[in-house]
Amino acid sequence: MVTPQQIEAWIHAGLSCDFLRVEGDGHHFEAVIVSPAFRDKLLVARHQLVYQALGDRMKAEIHALSMQTLTPEEWQARNG
Amino acid sequence: MSAQDIIREQVSTHPVVLYMKGTPQFPQCGFSANAAAILKACGVGEFFSVNVLESNEIREGVKAYANWPTIPQLYVKGQFVGGSDIMRELYQSGELQKLLKTALAN
């Protein structure tokens, strides 16, 4: 079974993140991802960057991944 | 017709298309249920929905069509809008309502 830590490692390997947190039960996962790569990108393009990092694992090992994708500025504003 | 041709025709002939698991009345996945509920909350009572569980070709085809690995998928005026997370964010910011209103007005 896939663990949230594995998903974090896969995302980290393909996308440079300022902050990353994945939680889940092995089937459904929730991720908060903060990356400078999201700047000037619409939501679809941001999610696609994450899907790209996960590659074929999205088809096979991960049933459902819910995500929030934020730029460092948006993340700071949210936590400010 | 190939799956890609079928999908292209579906999204270009209907202003709002939702590819989902199950139907709006009987969704078979929580994310698909959310997506259908969001459209209803936006005042879109009737929309063209495709149950991907009825066709593996469409289910896999639509993932390739938008380069998007998950279901549900929303298309408005032929454009891929996103999956259920994006629909929720756009709904909360009011953008989805605007997009749908414009699409259904003309």
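Quick caveat, the model's predicted, so the values are computed rather than measured. (Residues numbered from 1 in each chain as written. Chains lettered and ligands numbered in written order. Predicted model: local features only at pLDDT ≥ 70, side-chain atom pairs only at ≥ 80, totals over all residues. Heavy atoms only, no water.)

**Side note on the overall build of chain B**
Reasoning step 1: Along its length, chain B carries five helices and four strands.
Reasoning step 2: In chain B, the order of α-helices and β-strands from amino to carboxyl end is α-β-α-β-α-β-β-α-α.
Reasoning step 3: In terms of overall size, chain B behaves like a compact globule, its C-alpha atoms giving a radius of gyration of 13 Å where 106 residues would be expected to give roughly 13 Å.
Reasoning step 4: If one aligns the C-alpha atoms of chain B with their principal axes, the spans along those axes are about 35 × 30 × 25 Å.
Reasoning step 5: Here chain B holds 106 residues, and the buried ones make up 47% of them.
Reasoning step 6: A separation threshold of at least 6 residues defines the contact pool for chain B, and within that pool the share at least 24 residues apart is 60%.
Reasoning step 7: A total of about 5300 Å² of accessible surface is found on chain B, and carbon and sulfur atoms cover 50% of it.
Reasoning step 8: Of the charged side chains in chain B, 9 are positive and 9 negative; the average position of the first set lies 6 Å away from that of the second. (Helix = DSSP H or I, 4+ residues; strand = E, 2+ residues; numbered from the N terminus. Rg over C-alpha atoms; globule rule 2.2 N^0.38 Å. Buried < 20%, exposed > 50% of the residue type's maximum accessible area, 1.4 Å probe, protein only. Contact = heavy atoms within 4.5 Å. Areas by Shrake-Rupley, 256 points an atom, 1.4 Å probe, with all protein chains shown as cover. Lys, Arg positive; Asp, Glu negative; His and termini not counted. Charge placed at Lys NZ, Arg CZ, Asp CG, Glu CD.)

**Examining the environment of Val22(A)**
Reasoning step 1: Checked against the element boundaries, Val22(A) lands in strand S1 (residues 19-24).
Reasoning step 2: Residue contacts for Val22(A): discarding those within four places in its chain leaves Pro4(A), Ile7(A), Glu8(A), Ile11(A), Phe29(A), Glu30(A) and Ala31(A).

**Regarding the side chain of Ser84(B)**
Reasoning step 1: With respect to the helices and strands, Ser84(B) occurs in helix H4 (residues 84-93).
Reasoning step 2: Those residues in contact with Ser84(B) that lie beyond four places of it in its chain are Phe31(B), Ile38(B) and Pro72(B).

**Examining the packing of helix H2 (residues 43-54) of chain A against H4(B)**
Reasoning step 1: Contact pair H2(A) / H4(B): the axes reach a minimum separation of 10 Å and the direction vectors enclose 150 degrees. Looking at the two axes, H2(A) sits roughly antiparallel to H4(B). Here the hand of the crossing between H2(A) and H4(B) comes out right-handed. Note on element contacts: H4(B) touches H2(A) through Asp85(B), Ile86(B), Glu89(B) and Leu90(B), opposite Leu43(A), Val44(A) and His47(A). (Axes fitted to C-alpha atoms, helices over the stretch in contact; angles between N-to-C directions. Parallel < 35°, antiparallel > 145°, perpendicular 65-115°, else oblique. Left-handed = near helix turned anticlockwise from the far one by under 90°.)

**Comments concerning the sheet that holds strand S2 (residues 48-51) of chain B**
Residues and elements named next belong to chain B.
Reasoning step 1: Here we have four strands laid out as an open sheet, ordered S2-S1-S3-S4, and mixed in their pairing. Both edges of this open sheet fall to S2 and strand S4 (79-82), since each of them pairs with a single strand only. The sheet shows a mean angle of 25 degrees between the axes of neighbouring strands, taken without regard to direction.
Reasoning step 2: Where strand S3 (residues 73-76) lies against S4, three bridges are found, and the strand directions are antiparallel. Across the sheet, tyrosine 75 pairs through a bridge with phenylalanine 80, a residue of S4.
Reasoning step 3: Of the strands in this sheet, strand S1 (16-20), S2 and S3 are in contact with helix H1 (residues 3-13), which crosses S1 at around 135 degrees. (Pairing = 2+ DSSP bridges.)

**Notes on the confidence of the model for chain B**
Reasoning step 1: Taken over all residues, the pLDDT of chain B has a mean of 96, while the share at 70 or more is 99%.
Reasoning step 2: Among the scores for the predicted complex, ipTM is 0.79 and pTM is 0.89. (pLDDT = per-residue confidence, 0-100.)

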